[in-house]
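For reference, the chains in residue letters:
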Amino acid sequence: MSDNGLWPHQERVFDLLLKERRNVILQAPTGSGKTRAALYPFLTAMDYETEYYRDFPHKCVYSVPMRVLARQFYEEYRQTVQKYNLRYALNITTAIQTGEQQVSRDLSANLIFATIDQTLSSFLLAPYSLPLRQANLNAAAVMASYLVFDEFHLFDPDSTLPTTLHMLQMLRGITPFVLMTATFSKDMLDGLARVLDAEVVPGTDEEREQLQGLESQQKTRRYHVADEPLTAQTVLDRHQGRSLVICNTVDRARALYEALQSAKAPDTEVWLLHSRFLREHRDQIEERLRTHFARGVKDGSLIVVSTQAIEVGVDITSAALHTELAPANAILQRAGRCARYQGEEGDVTIYPYALDATSGEVLDLCEHPEPYAGKEEKKLFGPTLEQFRERAGEALDFQAEQDIISAVHGPLDAQIIESLRRGAYEHRRRMFAVMRHDDTADARHLIREIFQQQVTVHPNPNELLASPFDAPSFGLHPGTLQKYVKAWLDQADAPELPWAVKYLCSVPDEEASQANRSAYTWEEVYTPKTAWGAPLIVVHPSLATYDPALGFLPDRGGDWRAELPSRDQHSERPDYTYHLETYEDHIRRVYEAFEELWPELDYAARCLEERYGWSRGSVRQAAELAVLLHDVGKLSVRWQGWVKRYQDAIGMPVQAGQAYAHTEVQNDAHREAERKTGKRSWHAVEGAIATAPILFGVFAEQPPLAKAAFSAIARHHAPKSDDNQPFRLVRNAPTHVRAVLRQGDDMGGWIENLAGLSEEIPSSFGASEAIAQPEDDDDDLASFLAYLLIVRVLRRADQRGTERGTRSL
């Protein structure tokens with residue numbers, strides 16, 4: 001262990017990231033401190049007294065493939081801070097950002113534990129956490145972060161994996177990263193290292209021996225292959241105080257749980273955990289697991305039956321682990337929940353056979369590999385079984401486990417790497433299409449191909465139509481749902497049942513459209529095919545129900561019904577009051593906010609300059625100009641004319657010769673006057689066109705930066721804006737522009753040449769030609785990456801500056 005308390009592989013990661021500016025692929029076993037290896041460099045660099053403070057991002061996005069991991073890694077961060085006495089790190093802002101727990105929608109915290117879909121959708125300008133109008137806000141937050149990707153082996157090879165790799169290639173030299181896993185084959189590790197120009201840790205035999213020699217790895221985990229199917233009795237026969245059972249499907253897990261409840265001894269507790277629990281109940285079960293299956297806890301007799309929901313990252317241990325046959329990497333991930341800690345012993349039993357949840361028939365899992373339904377995944381079951389049978393009864397160390405991974409997954413991983421290479425161009429084009437907001441582009445196919453349909457339960461589903469997607473629901477694979485729908489429809493003829501299954505569909509509604517909301521209705525399902533692909537299904541409570549201990553129950557009725565969450569009286573967006581604000585005052589407030597917010601992006605900006613050979617500080621200069629000039633479009637005759645008419649209407653006339661950015665809005669009478677005055681003219685794209693002579697003049701030697709600033713101004717309210725209305729600037733516009741420029745800014749004669757000053761600019765002036773777009777061309781990609789940085793700081797500064805001139809009712 002080094003002087004700073006790090007193990008050798010953790011020290012190596014630290015040196016590569018902070019001293020050599022190299023990116024890392026870390027492969028290490030459970031209990032070896034992967035999370036701390038990833039976080040320690042970042043937390044060290046956050047100390048302003050260290051030499052690394054200016055040379056590393058001040059934001060970290062820690063991405064995990066599953067929601068359950070985000071909260072756990074947050075707790076591990078707290079432990080890292082305490083163990084290494086990094087007290088200054090307690091002052092940084094932290095957040096969890098998942099589909100269920102959205103604490104940092106704009107990714108503004110310093111340390112964010114997020115699911116991978118949140119990270120990738122943000123970079124693709126299709127953030128799952130924000131509305132479309134803010135789609136260009138979060139990409140730069142990802143770009144300006146230190147990126148950690150944990151459990152990387154779980155990323156889908158057709159969507160999540162290539163999207164992540166292409167993102168990292170686009171951000172080469174700008175965004176440092178670590179990829180971490182315990183179960184990658186050598187073929188995959190070597191292939192990723194080549195693609196990403198990254199260092200694998202451990203990278204030598206000596207480093208691997210050091211890792212295997214860690215005290216935390218001195219434990220005994222034996223592997224066995226059972227000849228009989230997985231049943232309640234086989235689990236009870238091998239039970240030793242703490243047992244975990246992992247099934248491949250929810251239905252089999254639930255059936256086994258109920259069988260165990262009937263056969264167990266009175267002093268043994270049995271718990272069930274899978275993906276079809278309501279969040280509050282799932283959180284309670286997970287917390288009980290972490291408490292009662294923690295290191296050193298041995299009192300009581302406990303059995304937990306679960307699915308893949310417990311497979312990854314959950315920090316628990318057991319003496320006996322029973323698992324259905326699965327691909328080798330899944331088996332070894334599950335095994336990480338057995339004899340997890342130093343000095344422990346445990347046994348992992350693999351079952352090639354299981355009982356069908358409905359009929360009780362014995363299933364050969366090599367023939368029934370669900371949910372591993374992919375053509376290539378199915379091929380892994382036989383080789384996995386063969387490898388473990390050869391080692392039956394043996395205690396395997398990390399190297400032996402890696403040999404199994406390479407033997408089983410190596411050939412397929414080599415195919416995946418080759419497929420990534422062959423499909424690179426097409427995948428990148430699909431990413432660019434999403435980032436351009438092309439009408440036919442769909443980010444979901446670039447992030448997760450796994451599609452789930454939501455199912456809820458209610459006797460009168462019309463009561464849910466006000467907000468159907470807010471009703472508690474359960475995600476099911478479409479194939480699984482088809483099986484359930486068929487069973488429900490088979491019971492639809494019961495005389496007491498008015499209907500069995502319905503699906504949600506949208507309907508045209510002018511009033512709803514004007515209110516910017518959707519209108520829905522329910523249509524009855526008559527065949528399973530009718531339900532395929534529907535966004536939400538409702539089943540009658542006579543056919544399905546929910547139980548806090550069992551989860552969603554598709555095979556029995558009950559009293560449970562979904563209820564819409566109560567609307568907090570303070571949950572609606574408040575009305576805002578505005579004060580009459582001059583153009584100069586608004587720009588001053590926005591620039592003050594810019595200076596507060598710029599440090600988030602400073603490291604990425606300097607790396608971008610280094611990558612493209614731009615002068616030092618030029619990206620910040622482009623951002624400053626965008627901030628100072630972003631509202632020049634409000635200096636148009638039409639905009640200022642609207643302000644004058646409105647202010648006259650409310651009896652608060654404006655001062656002659658002055659220009660205004662905001663009007664006085666204090667009450668409902670003002671809002672009614674605002675409505676009667678008519679729509680304001682546009683100003684964003686108009687401002688970009690008006691200031692183009694300044695931008696392209698200042699950056700004549702660096703045109704990608706001019707294009708980036710132009711695009712940020714044009715799109716600081718909406719990410720797709722590229723058209724303009726006719727406009728002409730007021731005569732004294734140069735005076736107002738000159739007044740907000742910082743002392744020492746030399747704009748030469750460009751201010752006097754503002755477009756729209758001497759003559760009216762017609763509509764559809766062609767601004768789209770100057771908008772930065774993602775392309776493979778170096779200059780195009782350079783301007784687009786710079787645009788992402790500039791538009792983020794501009795939008796956040798504009799919001800903060802506006803709020804400082806605003807009072808909430």
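What you see is a predicted model; the values in this text were computed from it and never measured. (Residues numbered from 1 in each chain as written. Predicted model: local features only at pLDDT ≥ 70, side-chain atom pairs only at ≥ 80, totals over all residues. Heavy atoms only, no water.)

Chemist: Even after reading the chapter, I still don't get the overall build of the protein, so can you show me in this structure?
Modeler: Within the protein, the secondary structure is distributed over 29 helices and 26 strands. Over its C-alpha trace the protein gives a radius of gyration of 30 Å, about what one expects of a compact globule, namely 28 Å for 809 residues. With respect to the three principal axes, the spread of C-alpha positions in the protein is 90 × 75 × 45 Å. Sequence separation of at least 24 residues holds for 75% of the intrachain contacts in the protein that already meet a minimum separation of 6. Accessible surface computed for the protein: about 34200 Å², of which carbon and sulfur atoms make up 46%. (Helix = DSSP H or I, 4+ residues; strand = E, 2+ residues; numbered from the N terminus. Rg over C-alpha atoms; globule rule 2.2 N^0.38 Å. Contact = heavy atoms within 4.5 Å. Areas by Shrake-Rupley, 256 points an atom, 1.4 Å probe, with all protein chains shown as cover.)

Chemist: Just to check I follow, could you spell out the pattern of salt bridges for this structure?
Modeler: A side chain of one charge can pair with a side chain of the opposite charge when the charged atoms of the two come close. Applying the stated rule across the entire model yields 52 salt bridges. Across the pair Glu324 and Arg252 runs a salt bridge, and its minimum N-O distance is 2.8 Å. Of the two residues, Glu324 is situated in strand 12 (residues 320-324) and Arg252 in helix 10 (residues 250-263); the sequence distance between them amounts to 72 residues. Like Glu324, the residue Arg252 is buried in the burial classification. Its salt-bridge partner being Arg796, residue Glu600 comes within 3.3 Å of it at the nearest N-O pair. Of this pair, Glu600 sits in helix 22 (residues 599-612) while Arg796 sits in helix 29 (residues 778-803); the two residues are 196 residues apart in sequence, bridging distant segments of the chain. Arg796 shares its class with Glu600; the two are buried. Within the structure, one salt-bridge network assembled from shared partners comprises Asp251, Arg254, Glu258, Arg276, Lys483, Asp555 and Arg556. (Salt bridge = Lys/Arg side-chain N within 4 Å of Asp/Glu carboxyl O. Buried < 20%, exposed > 50% of the residue type's maximum accessible area, 1.4 Å probe, protein only.)

Chemist: Help me understand helix 4 (residues 116-123) in this model?
Modeler: Burial of helix 4 is extensive: eight of the eight residues sit out of reach of the surface. Of the positions making up helix 4, those classed as buried are Ile116, Asp117, Gln118, Thr119, Leu120, Ser121, Ser122 and Phe123. Two residues or fewer past helix 4, Leu125 is found with a positive phi of approximately 60°.

Chemist: In this structure, what is going on with the packing of helix 22 against helix 29? I would like to understand it.
Modeler: Helix packing for two helices is described by the angle between their axes and how far apart those axes are. At a minimum axis separation of 11 Å, helix 22 and helix 29 run at an interaxial angle of 165°. One element, helix 22, and the other, helix 29, form an angle in the roughly antiparallel class. The element helix 22 and its partner helix 29 pack so that their crossing is left-handed. The segment helix 22 lies against helix 29, with Glu600, Leu601, Ala604, Ala605, Leu608, Arg611 and Tyr612 engaging Asp778, Leu781, Ala782, Leu785, Ala786, Leu789, Arg792, Val793 and Arg796. Split into classes, the residues belonging to the contact of helix 22 with helix 29 amount to eleven nonpolar, no polar and five charged. (Axes fitted to C-alpha atoms, helices over the stretch in contact; angles between N-to-C directions. Parallel < 35°, antiparallel > 145°, perpendicular 65-115°, else oblique. Left-handed = near helix turned anticlockwise from the far one by under 90°. Nonpolar A, V, L, I, M, F, W, Y, C, P; charged D, E, K, R; others polar.)

Chemist: Honestly, the packing of aromatic side chains in this entry has me stumped. Any pointers?
Modeler: When we look at a pair of aromatic rings, we describe it by the centre distance and by the angle of the planes. This model, assessed by the stated rule, comprises 24 aromatic pairs. Sitting over the face of the ring of Phe293, Arg242 holds its NZ or CZ atom 5.6 Å from the ring centroid. We note Arg288 situated over the ring of Trp271; from NZ or CZ to the ring centre the distance is 4.3 Å. (Phe/Tyr/Trp six-rings, centres within 6.5 Å; stacked < 30°, edge-to-face > 60°. Lys NZ or Arg CZ within 6 Å of the ring centre and 35° of its normal.)

Chemist: What is the right way to read the environment of Arg436 from this model?
Modeler: Its location among the elements puts Arg436 in the loop between helix 16 (424-435) and helix 17 (444-447). In this structure the C-alpha to C-alpha distance between Arg436 and Leu124, which are 312 residues apart in sequence, comes to 9.0 Å. Within the structure, Arg436 has its side chain in polar contact with the side chain of Asp438 (distance 2.9 Å). (Polar contact = N/O pair within 3.5 Å; in protein donor to acceptor, adjacent residues only side chain to side chain.)

Chemist: In this structure, what is going on with the side chain of His716? I would like to understand it.
Modeler: When you line up the elements, His716 lands in the loop between helix 27 (703-714) and helix 28 (733-740). With a relative accessible area of 2%, His716 lands in the buried category. Within the local environment of His716, its side chain forms a polar contact with the side chain of His717, the two groups lying 3.2 Å apart. Leave out the neighbours within four places in its chain, and His716 touches His630, Asp631, His683, Ala684, Val791, Leu794, Arg795 and Asp798.

Chemist: What exactly am I supposed to notice about helix 23 (residues 618-629) here?
Modeler: Because each turn of an α-helix spans 3.6 residues, side chains separated by three or four positions end up pointing in the same direction. Across its twelve residues, helix 23 extends 16 Å between first and last C-alpha, which sits within 8% of the 16 Å expected from 1.5 Å per residue. Within helix 23, ten of the twelve residues are buried, leaving the element largely enclosed by the surrounding structure. What helix 23 keeps buried is the set Ser618, Val619, Ala622, Ala623, Glu624, Leu625, Ala626, Val627, Leu628 and Leu629. Where helix 23 is buried, its residues contact helix 21 (583-597), helix 22, helix 26 (684-698), helix 27, helix 28 and helix 29. (Expected span 1.5 Å × (residues − 1).)

Chemist: I keep staring at the nonpolar core and nothing clicks. Help me out?
Modeler: Counting residues in each nonpolar core, the largest one holds 200 residues, and the members touching the most others are Val305, Trp488 and Leu608. The dominant element in this core, judged by the number of residues it contributes, is helix 29, at 13 residues. Among all residues touching Trp488, those that are not within four sequence positions of it are Val455, Leu481, Ala500, Val501, Val539, Leu543, Ala544, Phe552 and Pro554. (Core = buried A, V, L, I, M, F, W, Y, C linked by side-chain atoms within 4.5 Å.)

Chemist: How do you make sense of the sheet that holds strand 8 (residues 220-225) when you look at a structure like this?
Modeler: Strand-to-strand pairing in sheets goes through backbone hydrogen bonds, with the strands running parallel or antiparallel. With parallel pairing, six strands are arranged side by side in an open sheet as 8-13-12-9-11-10. With one partner strand each, in any of the chains shown, strand 8 and strand 10 (268-273) form the two edges of the open sheet. For this sheet, the mean inter-axis angle between neighbouring strands, taken without regard to orientation, is 15°. In terms of strand pairing, strand 9 (residues 242-246) meets strand 11 (residues 301-306) through five bridges, oriented parallel. Bridge pairing in strand 11 links Ile246 to Ser306. Its contacts with the sheet put helix 11 (residues 279-292) on strand 9, strand 10 and strand 11, and the angle it makes with strand 10 is roughly 130°. (Pairing = 2+ DSSP bridges.)

Chemist: Please explain the sheet that holds strand 3 (residues 94-97) as it appears in this structure.
Modeler: Pairing in this open sheet of seven strands is parallel, and the strands run 3-4-2-5-6-1-7 from one edge to the other. A strand with exactly one partner marks an edge of an open sheet, and here the two such strands are strand 3 and strand 7 (199-201). Across the sheet, the mean angle from the axis of one strand to that of its neighbour is 15°, orientation sign disregarded. Where strand 3 lies against strand 4 (residues 111-115), four bridges are found, and the strand directions are parallel. Looking at the pairing, Ala95 lines up with Ile112 of strand 4. Relative to strand 7, helix 1 (residues 8-19) is tilted by about 165°, and along the sheet it contacts strand 1 (24-27), strand 5 (146-149), strand 6 (177-181) and strand 7. Most of the contacts of helix 4 go to strand 4, to which it runs at about 100°, and overall it touches strand 2 (60-64), strand 3, strand 4 and strand 5.

Chemist: Any chance you could explain the packing of helix 22 against helix 23 here in plain terms?
Modeler: At a minimum axis distance of 8 Å, the contact between helix 22 and helix 23 shows a crossing angle of 120°. Overall, the two elements helix 22 and helix 23 adopt an arrangement that is oblique. On helix 23, the residues touching Ala605, Leu608 and Glu609 of helix 22 are Ser618, Val619 and Arg620. Among the residues making up the contact of helix 22 with helix 23, the classes are represented as three nonpolar, one polar and two charged.

Chemist: So what exactly am I meant to see when it comes to the pairing of strand 20 (residues 536-539) here?
Modeler: Working note: regular strand, side chains alternate between the two faces of the sheet. Both faces of strand 20 are covered, namely the face carrying Leu536 and Val538 and the face carrying Ile537 and Val539. When strand 16 (residues 453-457) meets strand 20, the two strands line up parallel, connected through four bridges. Paired with Val455 across the bridge in strand 20 is Ile537. For strand 18 (residues 501-507) and strand 20, the ladder comprises three bridges, and the chain directions are antiparallel. Bridge assignment links Lys502 to a residue of strand 20, and that residue is Val538.

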